[in-house]
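In case you want the letters, here they are:
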Amino acid sequence: LATVLLVGSALGQEFQKEADPPLNCQRAEKARKGDKILMDYTGLLGDGKQFDRGSADFVLGEEKVIKGWEQGMNGQCAGEKITMIVPPELGYGDQPSDKVPASSTLYFLTTLNGIVRVTKAPLGGDCNEGQKARPGQDVTMRIKARVASRDGRGKTFFDKASFEIRFGKPNAIRFVRGLEQALTGACIDEKRTLFLGPNLAYGDKGKKDGSVKAGDSVIVEVEILRVRNKKPEDSGLVLGFLDKISSGNLGSFAG
């Protein structure tokens, strides 16, 4: 880490990023404008002092985070550990921010845990809260998942026309928790492609049957089919039907 800071200072505070190691994923699998980024980060000042640490999510291109993060994550692969050197003009500029002095060059150690790409938006671009995947709901989805590979021919390890998850269960396995994180807020009939690094897939142990090895990233194609609360089931069905009425999305009930 000290070497990184010294190199950054020597090069006159230019923006730099490096993935170690680079995963060289397929071009279509790299983060791009419109994708939602799921990341962990540690932020350091030039003297090595930590000023922030945590998890974050943001949509590339919406410019709701510092420009250094936008540039740092653009074009990267899920699962990569990325070091960034962010000059003041791509960070907080000449204004101090919390523990960051004015005109500070920032150093970030990050992990790109996931890339969420909407491939079919819900009708009208959004839906009522009752139709969104969220904790405390039973979410039914069509799902196909495969191992990410450099040649794009990774093995399919999960393929279900109908698969239900109870969102928010505290004892859920890592992969299910990853699905929840990437799908919370998705609407009925929405389709998403998820590029998940090992932190949101099967970690450093892999899948028990060996189909996903330790440290593998995965690619998951999902369509949300139904959102309901089966506890009690009657209440969930009524709420779901009322949501469809209010949104005008009655499907086969429409005349």
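In case you missed it, the structure is sitting above this.
Note that the structure is predicted; figures quoted are calculated from it, not measured. (Residues numbered from 1 in each chain as written. Predicted model: local features only at pLDDT ≥ 70, side-chain atom pairs only at ≥ 80, totals over all residues. Heavy atoms only, no water.)

A. Examining the layout of surface pockets more closely. Considering only enclosed or pocket space, the largest pocket measures out at about 320 Å³ in volume. Lining the largest pocket are 20 residues, and of these Leu23, Cys77, Ala78, Ala148 and Ser217 lie nearest its centre. (1 Å grid on protein atoms, 1.4 Å probe; cavity = no way out; pocket = protein on both sides within 12 Å on 5 of 7 lines; lining within 4 Å. Points joined across faces, edges and corners; volume = space filled by probe spheres on them.)

B. Just the pattern of salt bridges, in detail. This model, assessed by the stated rule, comprises ten salt bridges. Two residues, Lys207 and Asp209, come together in a salt bridge whose shortest N-O distance is 3.1 Å. Look at Lys207 and you get partly exposed, because its relative accessible area is 21%. Within the structure, one salt-bridge network assembled from shared partners comprises Asp126, Glu129 and Lys132. (Salt bridge = Lys/Arg side-chain N within 4 Å of Asp/Glu carboxyl O. Buried < 20%, exposed > 50% of the residue type's maximum accessible area, 1.4 Å probe, protein only.)

C. Structural detail: the packing of aromatic side chains. Across all of its chains, the model carries eight aromatic pairs by this definition. Arranged with centres 5.8 Å apart and planes meeting at 75 degrees, the rings of Phe51 and Phe108 form a pair that is edge-to-face. Of this pair, Phe51 sits in strand β3 (residues 50-59) while Phe108 sits in strand β5 (residues 106-120), and the two are 57 residues apart along the sequence. A residue is classified by how much of its surface remains accessible, and Phe51, at 9% relative accessible area, is buried. Residue Phe108 is classed as buried on the basis of its relative accessible area of 2%. Put simply, the rings of Tyr41, Phe51, Phe58, Trp69 and Phe108 touch in pairs and so form one group of aromatic residues. (Phe/Tyr/Trp six-rings, centres within 6.5 Å; stacked < 30°, edge-to-face > 60°. Helix = DSSP H or I, 4+ residues; strand = E, 2+ residues; numbered from the N terminus.)

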